[in-house]
Amino acid sequence: MKYIPGMDRRAGRRSLTAKQAGLTLAIALLLSIIAGIVELALDARAMRHEIVLETHYRIDLVHGTAAEAAFQLNPELATQVAEGLLSGGRIASVTISDDFGRVMAERRHDDSDTSSWMVQALFADILHYRKPLVYQIGSDNAPTSIGELELTLSLDSLSRDFIDRSQLIFSLGVAKALAIAALLALVFHWFITRPLLKVHAAITETDPSQPGRWSKPVMGVHGNDELGHLVESVDRLLQAFQHGLDQRDQLQQISTMDGLTGIANRRHFDAFLSQEWQRAQQGNHDISVIFIDIDHFKEFNDHYGHVAGDDTLRAVAHSLTRVIHRPSDLVARYGGEEFVCVLPETNLAGAQRVAERIQKEIHALDIPHAHATQAGRVTASLGVASSYPAQDDVAGFEALLAEADHQLYRAKRQGRDRVAVQT
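Below you will find a few notes about this structure. (Residues numbered from 1 in each chain as written. Predicted model: local features only at pLDDT ≥ 70, side-chain atom pairs only at ≥ 80, totals over all residues. Heavy atoms only, no water.)

**Description of the side chain of D293**
Secondary-structure assignment places D293 in strand β5 (residues 287–294). Setting aside residues up to four positions removed in sequence, D293 forms contacts with E337, E338, A380, S381, L408 and K412. (Helix = DSSP H or I, 4+ residues; strand = E, 2+ residues; numbered from the N terminus. Contact = heavy atoms within 4.5 Å.)

Here you go:
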């Protein structure tokens, strides 16, 4: 297969492992976002509670001092209390007034409100606090209200705190999501993707001509689950393919083989000669044909019976295969008692020598024949023809067959049991 630059990278991006890791990461991130939103809502609720408790704690912490300042009408002490509260960071303004409503001390930060609508929606209702300043004169008197402490929280400060906490929550959520995704991808790859890739590799490396001999993977712990069942199903499918291919080959062999003699039949001969004729044209080389006809075979059958006749045909065919043994040559039963040999890349002289060897092999069979022309044994007549196909030869191999057939009948006319060669 031709290598295409970048193909490996594209294959990697399309790989099952990459898709699985990407999908796992996407799901983990989505779940982390949902969990982060839920956690953020819970954290906002907890933050509101913390702010209220902390603010009341600070107010209670300075209440006594602020009440003392209001009772003594001491602006300096009230100012110290206000400045102490304002240094807390989250407080935007502090006002301490006496029981006549006069402001004794007031301090505020000049912060611009840049908070978002979400922060305003979350914290706007917990920004303002009013606390009566109560002072008890003597142990026998009831506590008396002598002023008021008013406090406002900084929405800008709350917004920064909320954003910092939100970023921390989301950062931890994303980190956890990535860790979980990596762990899940590793686990899935080891227990699922890796066995699947193993099956894929075994299928990919299977020889299409021999699917039944595929390297069936051992699934181990997956032997009894869906992956194991998948491998067994693929194995059954490939074995069925192999059985079908074997049957096809058997049928093809049967369709191209003569059932009596076991050599090629007329159909195979026609296809073979057509193929070799084209190859001879392309390669500029000779091709030869030998026709063989058993002499007086009808009389042999009538005298000895068809069983003996069939045995003789098989014996002659076996003799031909002993002589014609090159892988490029072909021996076929042409019909009845006629046989034919195709000799690619063989000239007329070479084909004549092969025909004479065939004649000797048939003589060596020494099969009795009461009606033979001579010698009292089975003989054969042979016709030899050769051709050098030209590129522009449109007549084809029919002329070659006609010439070989003509030589066969010339051998018969000359008294049989001989080889007639094209002149």
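The rest of the description comes next.
**Side note on the packing of aromatic side chains**
Geometry of an aromatic ring pair is reported as the spacing of the ring centres plus the angle between the planes. Evaluated as defined, the whole model comprises 7 aromatic pairs. Plain terms: the ring middles of F269 and Y334 are 5.6 Å apart, the flat faces sit at 80° to each other, and that makes the pair edge-to-face. One end of the pair, F269, is in helix α7 (residues 266–283); the other, Y334, is in strand β6 (residues 330–335), and 65 residues separate them in sequence. Accessibility classification places F269 together with Y334 in one group, the buried group. Ring centres of F300 and Y304 lie 4.6 Å apart, and the angle between their planes is 35°; on these two criteria the pair is classed as tilted. With a gap of 4 residues between them, F300 and Y304 both fall in helix α8 (residues 297–304), about one helical turn apart. Owing to a relative accessible area of 3%, F300 belongs among the buried residues under this scheme. According to the relative accessible area criterion, Y304 is partly exposed, its value standing at 34%. Ring pairs connect the aromatic residues F269, F291 and Y334, which therefore count as one cluster. Across the ring face of Y334, the terminal group of R266 is positioned such that the distance to the ring centre comes to 4.0 Å. Sitting over the ring of Y409, K412 keeps its end group 4.8 Å from the ring centre. (Phe/Tyr/Trp six-rings, centres within 6.5 Å; stacked < 30°, edge-to-face > 60°. Buried < 20%, exposed > 50% of the residue type's maximum accessible area, 1.4 Å probe, protein only. Lys NZ or Arg CZ within 6 Å of the ring centre and 35° of its normal.)

**A short note on the environment of V323**
Relative to the helices and strands, V323 is located in helix α9 (residues 306–323). V323 gets classed as buried once you look at its relative accessible area, which sits at 6%. If near-sequence neighbours (up to four positions away) are discounted, V323 is found in contact with V354, R357, I358 and E361.

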